[in-house]
Amino acid sequence: MQAPETFPNQDDEAGLQLNADGSLRHLLTLKGLDRTLLVQLLDDAQRFVSPIGEAAARSQSLAGRTVANLFFEPSTRTRASFDLAGKRLGADVLNLDVNTSSRKKGESILDMIYTLQAMRVDIMVVRDASVGVPAYIARHVSDYVSILNAGEADVSHPTQGLLDLLTIRQHKKRFDELTVTIVGDIAHSRVARSTAQGLHTLGVGELRLVSPPPLAPDPGEMPYACLLDNLDEGLRDADVVMALRIQRERIGSLDGIPGIDEYFANYGISRERMRIAAPDAIVMHPGPMNRGIEIESALADSPASVITQQVANGVAVRMAVLEHVSKSMTWQ
Ligand code: CP
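This is a predicted model, so every value here is computed, not measured.

What counts as what
Think of each chain on its own: its residues are numbered from 1, step by step along the sequence as written. Under the rules for a predicted model, residues below a pLDDT of 70 receive no local features and side-chain atom pairs below 80 are neither given nor counted, while totals for whole chains, interfaces and linings still include all residues. Side-chain numbers come from the whole structure's heavy atoms, not from hydrogens or water. Each helix is a run of H or I in the DSSP string that is no shorter than four residues. Each strand is a run of E no shorter than two, and both are numbered from the N terminus. The definition of a polar contact used here is a pair of N or O atoms within 3.5 Å, where within protein one atom must be able to donate a hydrogen and the other to accept one, and adjacent residues in sequence count solely through side-chain atom pairs. The criterion used for residue contact is that any of the two residues' heavy atoms lie within 4.5 Å. Two aromatic rings from Phe, Tyr or Trp, using only the six-membered ring of Trp, form a pair when their centres are within 6.5 Å; if the ring planes differ by under 30 degrees the pair is stacked, by over 60 it is edge-to-face, and anything between is tilted. Throughout, exposure labels follow a simple rule: accessible area from a 1.4 Å probe, protein chains only, divided by the maximum for the residue type, with under 20% read as buried, over 50% as exposed, and the rest as partly exposed. In this scheme, the term charge over a ring applies when either NZ of a lysine or CZ of an arginine sits within 6 Å of the ring centre and within 35 degrees of the ring normal. By convention in this text, a residue qualifies as near a molecule or strand provided that one of its non-hydrogen atoms is within 4 Å of it. Note that accessible areas follow from Shrake-Rupley with a 1.4 Å probe, and for residues the cover is restricted to the protein chains shown. Note on residue categories: nonpolar means Ala, Val, Leu, Ile, Met, Phe, Trp, Tyr, Cys or Pro, charged means Asp, Glu, Lys or Arg, and polar means any other residue, Gly included. Domain extents, as shown, originate in an automatic or database domain assignment.

## Concerning the side chain of R250
Here's step 1: Assignment of secondary structure puts R250 in the loop between β8 (240-243) and α9 (260-267).
Here's step 2: One polar contact links R250 to E73, side chain to side chain, over a distance of 3.0 Å.
Here's step 3: If near-sequence neighbours (up to four positions away) are discounted, R250 is found in contact with E73, A129, A153, D154, H188 and R190.

As structure tokens, then:
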């Protein structure tokens, strides 16, 4: 049995992901990506959004490329949308079942990566519960391989951040005039961190993060956000409201965290509670949802909800990111 692998959390991932010309070599984090690049990715993704009732957008821009999906944590939306995105761009897509892979026999993550690299995988999409894994892999792969972070512990989920930004932009004209409220388990949410980072870069007017005190982030972590523990304060006149589930898999002890009924009463968003928000407020949730805990089921299915649109935009964003990194690959 090998010693457990460690993934040094070096702080260079923002630089590691950029080519000399400022384009993306990898996508590891939204930190360090400037407004111009974010807007370009959103514009590119918008081109892949198909109106309901029309066939899904397709191209052959990744023909001859191979994408491998390596998910060491469960996923429905992200894995399925990277799979569809790759196929709709003409790539070969490998969905490796890591539970039946040789990692279970003690193979290191790097040996697994080198094995796939030898098979000429061009893009590896990685989700892992440990901090630093996507950047660790990115530091070790060959020049012709790109790494895309599909969810890293509680720190980063950049394509989710992009799809959230795209969804907001489809409904609201200007980020600088918006009040965006994210409610729930902020402390353990990679979605909150990436979406907040992207909103900050695009100059959001006001960002409110609402959570029970045990699920609040470190006060110094996102100095541009207003931290609240009162939901009504957070919802007042908000233009965009996003609910998050409690990330039980990342919480050691549930001590101090309200039970289900108390949680819904104090932090669950509902049609009634949304009356405090702006009349045209949209309701978001990255999924998976726990209906009746962080969000009333009827609100999730109401006209204010853009949750299924977020899912649809996930495919478009991942197509845009796959196409973007493939353009700077060293072999043409
Ligand atoms: N939002 C999100 O990451 O969902 P999955 O865990 O289903 O991929």
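## Observations concerning the packing of aromatic side chains
Here's step 1: Counted according to the given criterion, the structure contains one aromatic pair.
Here's step 2: Aromatic pair Y263 and Y267: ring centres 5.7 Å apart, planes at 40°, arrangement tilted. With a gap of four residues between them, Y263 and Y267 both fall in helix α9, about one helical turn apart. You'll find Y263 and Y267 in the same group, each marked buried.
Here's step 3: The ring of F72 carries the charged tip of R103 above its face, separated from the ring centre by 5.0 Å.
Here's step 4: We note R120 situated over the ring of Y144; from NZ or CZ to the ring centre the distance is 5.1 Å.

## Looking at the site of the ligand
Here's step 1: Every residue close to the ligand is listed here: S75, T76, R77, T78, R127, H157, Q160, P286 and G287.
Here's step 2: H157 is positioned with one of its side-chain polar atoms (N or O) 2.9 Å from an oxygen atom of the ligand.
Here's step 3: Relative to its free-state accessible area of 250 Å², the ligand is covered by the protein chains to the extent of 92%.
Here's step 4: For the shell around the ligand, the class distribution of residues is one nonpolar, six polar and two charged.
Here's step 5: Shared between two domains, the shell around the ligand holds at least three residues of each, these being domain 1 (13-156 + 312-327) and domain 2 (158-311).

Function cannot be read off these values alone, since they describe shape.
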